[in-house]
Amino acid sequence: SSGVGLALCRRLLEEDGRIHLCIACRNAEKSEATRDLILATHPAAQVSTVEVDLGNLASVLRVARELRCRFQRLDFVYLNAGIMPNPHVNFKALWHGLRTGKLIHMLSTAEGIMTQTDRLNGDGLQEVFATNLFGHFILVRQLESLLCGKEKPSRLIWTSSSNARESAFSLSDYQHAKGRESYSSSKYATDLTSVVLNRKFNKQGLYSSVVCPGLVMSNMTYRILPVFLWKLLMPVMWLIRFFTKTYTLTPYNGAEAHVWLFKQKPECLDALVKYHSCTSGLGKRFVEPRKIDVDEETAEKFYQKLLELEKQTIEKYSDLLD
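Values in this document were obtained by computation on a predicted structure and should not be read as measured data.

Novice: Any chance you could explain the packing of aromatic side chains here in plain terms?
Specialist: Given two aromatic rings, their pairing is described by the distance between the two centres and the angle made by the two planes. Tallied over the entire structure, the rule returns 10 aromatic pairs. Ring centres of F76 and F262 lie 5.0 Å apart, and the angle between their planes is 45 degrees; this geometry places the pair in the tilted category. Taken together, the residues span a long stretch of sequence, with F76 in strand β3 (residues 76-79) and F262 in helix α12 (residues 256-262) at a distance of 186 residues. On the accessibility criterion, F76 (27% relative accessible area) is partly exposed. Site record: aromatic cluster; members linked through ring pairs are F129, F134, F137, F169, Y174, Y188, F302 and Y303.

Novice: Explanation requested: the sheet that holds strand β6 (residues 154-159) in the structure shown.
Specialist: In spatial order, the strands read β3-β6-β7-β8-β9; together these 5 strands make up an open sheet with mixed pairing. Whereas interior strands pair on both sides, the edge strands pair on one side only; in this sheet they are β3 and β9 (285-291). Between one strand axis and the next, the sheet turns through 25 degrees on average, direction left out of account. Where strand β7 (residues 206-212) meets strand β8 (residues 273-279), 3 bridges bridge the pair, whose relative direction is parallel. Pairing of C212 across the sheet is with H276, part of β8.

Novice: Even after reading the chapter, I still don't get unusual backbone geometry, so can you show me in this structure?
Specialist: Both trends apply: most residues other than glycine have a negative phi, and most peptide bonds are in trans. Its identity as a non-glycine residue notwithstanding, H176 has a phi of 65 degrees, on the positive side. Mapped onto the secondary structure, H176 falls in the loop between β6 and α8 (182-201). At L249, a residue that is not glycine, the phi angle is positive and equals roughly 70 degrees. Along the chain, L249 turns up in the loop between α10 (227-240) and α11 (251-254).

Reading the values: rules and limits
Residues numbered from 1 in each chain as written. Predicted model: local features only at pLDDT ≥ 70, side-chain atom pairs only at ≥ 80, totals over all residues. Heavy atoms only, no water. Phe/Tyr/Trp six-rings, centres within 6.5 Å; stacked < 30°, edge-to-face > 60°. Helix = DSSP H or I, 4+ residues; strand = E, 2+ residues; numbered from the N terminus. Buried < 20%, exposed > 50% of the residue type's maximum accessible area, 1.4 Å probe, protein only. Pairing = 2+ DSSP bridges. Axes fitted to C-alpha atoms, helices over the stretch in contact; angles between N-to-C directions.

Shape descriptors only; they carry no functional weight alone.
Below is the structure:
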């Protein structure tokens, strides 16, 4: 309903005003408000809404059933929902990065300077894992009948992050219950999932890609530091952009890779690449492909764990299935 998601909706309609957009948000009022904002600038657009909380499995299964009733196929599914609860900045690590010359790298990836405090949700899952990955995974699995079709490919486009790091992820603790970098872990898990989905579903006409929007000033970002600090830091951040091209800063810029993928033929894309939204120091937008740092054997093992968890979910909520 805001940030990169809203910017993406507007930019997709700028590319092709004939598409039908279906906005999925947790809050029905926000969905309708977002729809009104889009129609204000694109009055002829086809825009519908559905209500879904990706961190609530019953909600995911209900919306999947609704979408199967409303649509015959889906061409693109942008998997953009994400949370970063209770973020904390390690200022000591920032100072160390300044002294060791690693500050720019740390600021562009948040490596070593950002931690979160996670918790269990109503389904007994770690909240960040459930919202950032598993809810999306269940949704995709439930929508396979609308996605897989050899006559015309369908696309999954996951919003990952430059903060997705193998060091934050563990197969033995894939929900990241024992760590303090749940966001990074969930985004690395997203990269793993996309790699396996391509291997298993490309022949059925379903292609998966991951993107990084860069550092975008959004509601999620503003929760990391007090607002007055962000205002003080903004001139510095505009300056850093000359050295770090992933400082996209605005949601419009952050959606660059999402929109670029909308125009590409999926058969020509590399399944082991993450597409980064970038902005030059002078504000020129572009997309940079970077190899994903994943081990395909680990990806397969993780996918099997997701299937096991999915089986438990289906058994628990069998009454919500067709």
